[in-house]
There are 2 protein chains.
Amino acid sequence: MSGEDAPAQQQNAEEQKQQQETKTPAESPKTESKPDPPPTSASTEAAAAAAADDTPAPAAEKAPEEDTFSYRALVLTGYGGYDKVKLQVKKGKPALKSGEVMVRVKMCGLNFADLMARQGLYDRLPSPPVTPGMECSGIIEAVGEDVTDRKVGDKVLVLNRSGMWQEVVVVATTHTFLMPEGMSFEEAAALPVNYITAYLMLFDFGHLRPNQSVLIHMAAGGVGIAATQLCKTVNDVTVFGTASASKHEVISQGGVTHAIDYRTRDYVEEVRKISPKGLDIVLDPLGGSDTHKGYNLLKPMGKLVSYGAANMLSGQKKNLFAVAKTWYQQFSVHTLSLIQGNRSVCGFHLGYLDSETELIAQAMAAVMDLYRQGKIKPRIDSTYHLEQVGDAMRRMQERNNIGKIILTTEPMKEEEKKEEAKKDEEKKKDDKKKDDKKKDDKKKDDAKKEEKKEEKKKEEAKKDDKKAEEKKEEAKKEEN
Amino acid sequence: MSGEDAPAQQQNAEEQKQQQETKTPAESPKTESKPDPPPTSASTEAAAAAAADDTPAPAAEKAPEEDTFSYRALVLTGYGGYDKVKLQVKKGKPALKSGEVMVRVKMCGLNFADLMARQGLYDRLPSPPVTPGMECSGIIEAVGEDVTDRKVGDKVLVLNRSGMWQEVVVVATTHTFLMPEGMSFEEAAALPVNYITAYLMLFDFGHLRPNQSVLIHMAAGGVGIAATQLCKTVNDVTVFGTASASKHEVISQGGVTHAIDYRTRDYVEEVRKISPKGLDIVLDPLGGSDTHKGYNLLKPMGKLVSYGAANMLSGQKKNLFAVAKTWYQQFSVHTLSLIQGNRSVCGFHLGYLDSETELIAQAMAAVMDLYRQGKIKPRIDSTYHLEQVGDAMRRMQERNNIGKIILTTEPMKEEEKKEEAKKDEEKKKDDKKKDDKKKDDKKKDDAKKEEKKEEKKKEEAKKDDKKAEEKKEEAKKEEN
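Reading the Sequence similarities (unreviewed entry) entry of the UniProt record for chain A gives the comment "Belongs to the zinc-containing alcohol dehydrogenase family. Quinone oxidoreductase subfamily."

Dropping the structure here:
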């Protein structure tokens, strides 16, 4: 099933835009009386302060500006399903502070953290209403005071805590990186989160060296493909990659030595068959019981890097059972176990590193260098319009992608919209059918349950009869 | 207080030797009827098997050989105080299996694990009676079949799971390493455990790079000094080292940037003053509450390496309270905490790596290279005769050493023995005085307690009187 078949959840942007020309959407009533705050305010100090007290950076006050300036933005209006991310129009030109730049966004990257955030499972995204998105690419449109290392017209990629899924973003220059010659905007939007994550996990925590072995879960996902490519920059590294069978050809071509279909095989057994002593590095985005398995697969001096809890995501809305189960099975380790096994357990999440500008800059420089040498190249799975963000998220959630899912700020053409609308109708019908089927199934189930109950009652009645007879017989025996 | 002042606990070796010429010591009655088993049997297979099922490698059967062959060996006769390690004489030439060499030992290294082992707190040492010791240096005296990379006369250092504290050892060649030109036997015995440990912790788990900061506990100990020297091989590394004040001059000269007296200062506060953001690497040999402190001192992408539980050692015999407390406070961490902090927790112990010959060989080659370049040089604190092993252990236990404590197999001279005997007498007297003083103090304490009890009784009697009077007054009032 591909993302295109999924029912669309987002509002029709054009309709909404027209509505907003006259009134503010119900989800963000604040924007009615005054111009929008700048889309993001990620000066280094603000980000550092935010990181320190763990509350979102306050939106900076700004003077009203040109009223004609408006831009489209995706806004998470509340926690829940795909339809909670809506396309809205923000008005008013954001003010630029010293050290900041304004970027006209071309492409945005989609990440697992965005899916978690929508369900209210990611504490680094400020509370709704808020614009999600940790990365984008685009062209610098304006620079603030004291900005000397960026100029209008520079092509940049941007890495930020949130707020990147819109047409215009304002960020500290330290969060922008010049795009190398020959890099497309899609690639630039696909690179920051996945490659920095994979790079720091493999080379800083993992200390990957020649002849080592690495297990990469979700090897066809964004981080998975980035990690595979980075493994191949080191001599003779054996890569075990899990993915469903239909993706094996692609990931094998991409550098995975042993592709494992986790749906039909026990990956622990498969790894042990080939590498009985275990693994040097396990990258674990799943959490829960998979972290335990990964830990037990480590060789002496092996490193497990836990970088997510994808097992918590089951369905488009928060699944309390999946969350509770993953939480309950969350891995916890005692130093004595680590000492006796000579093992390392690491935790990684780029979202908590947003104030570490120097560290990120160093990793980014190394990654860009590898790109220029042709050793890495982001693989784009698919590109969606902002209007189609629901489809894009569904594709990722249902793990149908091979590589990065991108959102483009380019507006949809009229014909496309009409087609989309038709599809939407079909999807709605489909959904209704599914719902009806579900209801029907439920009715059938209920009927079956009722039948079973009846049978049970009958059986119990029989048992009672039997007991009564037994008693009678006993009474007879006693009489004799 | 230096180790030399401590009362000697070991048996007089010469006396014991003479005894053994006619009878077997009480501690190892098995040796009476048949020749001793080979001092150690650490062929790679045996070691691997032992590592796999976690039981000590069985002593290989051997045919009786020249009866004139005998050698002195330290033997742990049971768990307990310093006196549990006794000097004995083993008889019969150990048989050499294929791939093994026999080494005439010159010097042995003393490690914290040996102290733990004596108290029964180290599960990598086979049960007593057993010869402890993980490292030594010496000259190859015989080679087994198929040994081509070692020859009689080669100077080697040896790293092994146990059994190194004796005059003759038999080990797999893979556990021996040729001594570089110019290295003394003391240095060679001081190098393996401390430098391999420090090297793998800093460079494999820690991934130490220029401009980083490292906290080294017990910076004047064997691993502490090795780690400090290895830190200095990387540009601009800041080393925080804890040690008592009297050792600060030496460790500062050795490369510690900020020496902290943990006895009079809170090291967490001291580190925060200088490095408010925290540390890149914490090496933790202490365990218990110090592991928690170390973890909280980590920067994002910081690594804590736990490699012991020295806090369990309090006094020469097993202190159940210290063990229980350290155990109770043992650090345990949840992956979620690691993810949110972008941190790594590692466990290291060389004793559990004895079957990882390739890993050890690589690390040893790197360490030897640094030695040849003059970048590292083991610091010898003191050298003791085998007869003085109790003093040596006490010196380490009481943390009086700066650098490595070495045991030499060179026999004590007659005059030395006489002096030692005198000292022993004095020490015994000293101990008796101390004991008497303790008893006296206890009596005084008891007397004081008795006095206090009396006073309390008197006070309570007074209170009772007072209450009685109050009651009388109340009764009077009521009457009125």
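A. The overall build of chain A, seen in detail. Helix and strand content of chain A: 14 helices and 16 strands. Taking all 480 residues of chain A together, 54% fall into the buried category. Within chain A, contacts between residues at least 6 apart in sequence are counted, and of these 72% link residues at least 24 apart. Of the roughly 22800 Å² that chain A leaves accessible, carbon and sulfur atoms contribute 49%.

B. Summary view of the pattern of salt bridges. All names here are of chain A. Using the criterion set out here, one finds 34 salt bridges over all chains in the structure. A salt bridge links R372 to D369, with the shortest nitrogen-to-oxygen separation between them at 3.5 Å. Taken as a pair, R372 and D369 lie in helix α12 (residues 357-372) at a separation of 3 residues, close to a single helical turn. Of the residues examined, R372 reaches a relative accessible area of 53% and is grouped as exposed. With a relative accessible area of 39%, D369 lands in the partly exposed category. One salt-bridge network, held together by shared partners, links R72, E167 and E387.

C. Quick peek at the packing of aromatic side chains. Tallied over the full model, the rule gives 6 aromatic pairs over all chains. Relative to Y71 of chain A, the ring of F69 of chain A lies with its centre 5.9 Å away and its plane at 70°, an arrangement referred to as edge-to-face. Since its relative accessible area comes to 1%, Y71 of chain A is described here as buried. One cation-aromatic arrangement involves R343 of chain B over Y295 of chain B; the distance from NZ or CZ to the ring centre is 4.8 Å.

D. Examining the nonpolar core more closely. L157, L202, L208, V214, L283, F348 and L407 of chain A are the most contacted members of the largest nonpolar core, which totals 100 residues. Counting residues per element, this core draws most heavily on helix α5 (residues 192-205) of chain A, which supplies 9 residues. For F348 of chain A, the contacting residues outside a window of four places in its chain are T197, L200, M201, F205, V305, S306, Y307 and L353 of chain A together with M301, I339 and N342 of chain B. In this structure, Y122, A227, A243 and I251 of chain B belong to the second largest nonpolar core, which totals 99 residues.

E. Main features of the packing of helix α5 (residues 192-205) of chain B against helix α6 (residues 222-231) of chain B. Residues and elements named next belong to chain B. Interaxial distance between α5 and α6 falls to 8 Å at its minimum, and their mutual angle equals 50°. Compared by their axis directions, α5 and α6 come out oblique. Where α5 crosses over α6, the handedness of that crossing is right-handed. Residues N194, Y195, T197, A198, Y199, M201, L202 and F203 of α5 lie in contact with α6, whose contacting residues are G222, V223, A226, A227, Q229, L230 and C231. Partitioning the contact of α5 with α6 into residue classes produces 11 nonpolar, 4 polar and no charged.

F. A look at the state of the cysteines. Evaluated as defined, the whole model comprises 0 disulfides over all chains. Of all cysteine sulfurs, the one in C346 of chain A lies closest to C231 of chain A, which takes part in no disulfide; the gap is 15 Å. This cysteine, C108 of chain B, is not joined by any disulfide, and C136 of chain B carries the nearest cysteine sulfur, 5.8 Å off.

G. Representation of the interface of chain A and chain B within the structure. Facing the 39 residues of chain A at the interface are 39 residues of chain B. Here chain A packs against chain B, burying approximately 3500 Å² in sum over the two surfaces, 58% of which is carbon and sulfur. Of all residues in chain A, the largest losses of buried area upon contact with chain B belong to M301, T335 and I339 of chain A, amounting jointly to 18% of the total for that side. Across the chain A-chain B interface, the total number found is 6 salt bridges. For the salt bridge of K277 of chain A with E356 of chain B, the shortest nitrogen-to-oxygen distance reads 3.2 Å. Looking at the side of chain A that touches chain B, the elements with two or more residues in it are α5, β12 (298-306), β13 (332-334), α11 (335-341) and β14 (344-347) of chain A. For β13 of chain A and strand β13 (residues 332-334) of chain B, the ladder comprises 3 bridges, and the chain directions are antiparallel. By the bridge assignment, H334 of chain A is partnered in β13 of chain B with S332 of chain B.

H. Highlighting the pairing of strand β16 (residues 404-408) of chain B. All names here are of chain B. With 5 of 5 residues buried, β16 is to be regarded as a mostly interior element. Burial of the side chains of β16 extends over both faces: K404, I406 and T408 are buried on one face and I405 and L407 on the other. Summarising the sheet, strand β15 (residues 380-385) and β16 pair through 5 bridges and their orientation is parallel. Each residue of the ladder has a partner; that of Y384, found in β16, is L407. Chirality of the crossover, the property in question, places the unit of β15, helix α13 (residues 389-397) and β16 among those that are right-handed.

I. View of the relation of the copies chain A and chain B. Once chain A is rotated about the relating axis by 180° and shifted along it by 0.0 Å, it coincides with chain B to within an RMSD of 0.0 Å. Such a turn and shift between the copies fits a two-fold axis.

Rules of the game
Residues numbered from 1 in each chain as written. Chains lettered and ligands numbered in written order. Predicted model: local features only at pLDDT ≥ 70, side-chain atom pairs only at ≥ 80, totals over all residues. Heavy atoms only, no water. UniProt positions renumbered as here; feature names shortened; annotations may be inferred. Helix = DSSP H or I, 4+ residues; strand = E, 2+ residues; numbered from the N terminus. Buried < 20%, exposed > 50% of the residue type's maximum accessible area, 1.4 Å probe, protein only. Contact = heavy atoms within 4.5 Å. Areas by Shrake-Rupley, 256 points an atom, 1.4 Å probe, with all protein chains shown as cover. Salt bridge = Lys/Arg side-chain N within 4 Å of Asp/Glu carboxyl O. Phe/Tyr/Trp six-rings, centres within 6.5 Å; stacked < 30°, edge-to-face > 60°. Lys NZ or Arg CZ within 6 Å of the ring centre and 35° of its normal. Core = buried A, V, L, I, M, F, W, Y, C linked by side-chain atoms within 4.5 Å. Axes fitted to C-alpha atoms, helices over the stretch in contact; angles between N-to-C directions. Parallel < 35°, antiparallel > 145°, perpendicular 65-115°, else oblique. Left-handed = near helix turned anticlockwise from the far one by under 90°. Nonpolar A, V, L, I, M, F, W, Y, C, P; charged D, E, K, R; others polar. Disulfide = S-S within 2.5 Å. Buried area = accessible area lost by both parts, 1.4 Å probe. Pairing = 2+ DSSP bridges. Right-handed = clockwise from strand over helix to strand, strands pointing away. Least-squares fit on C-alpha atoms with pLDDT ≥ 70 in both.

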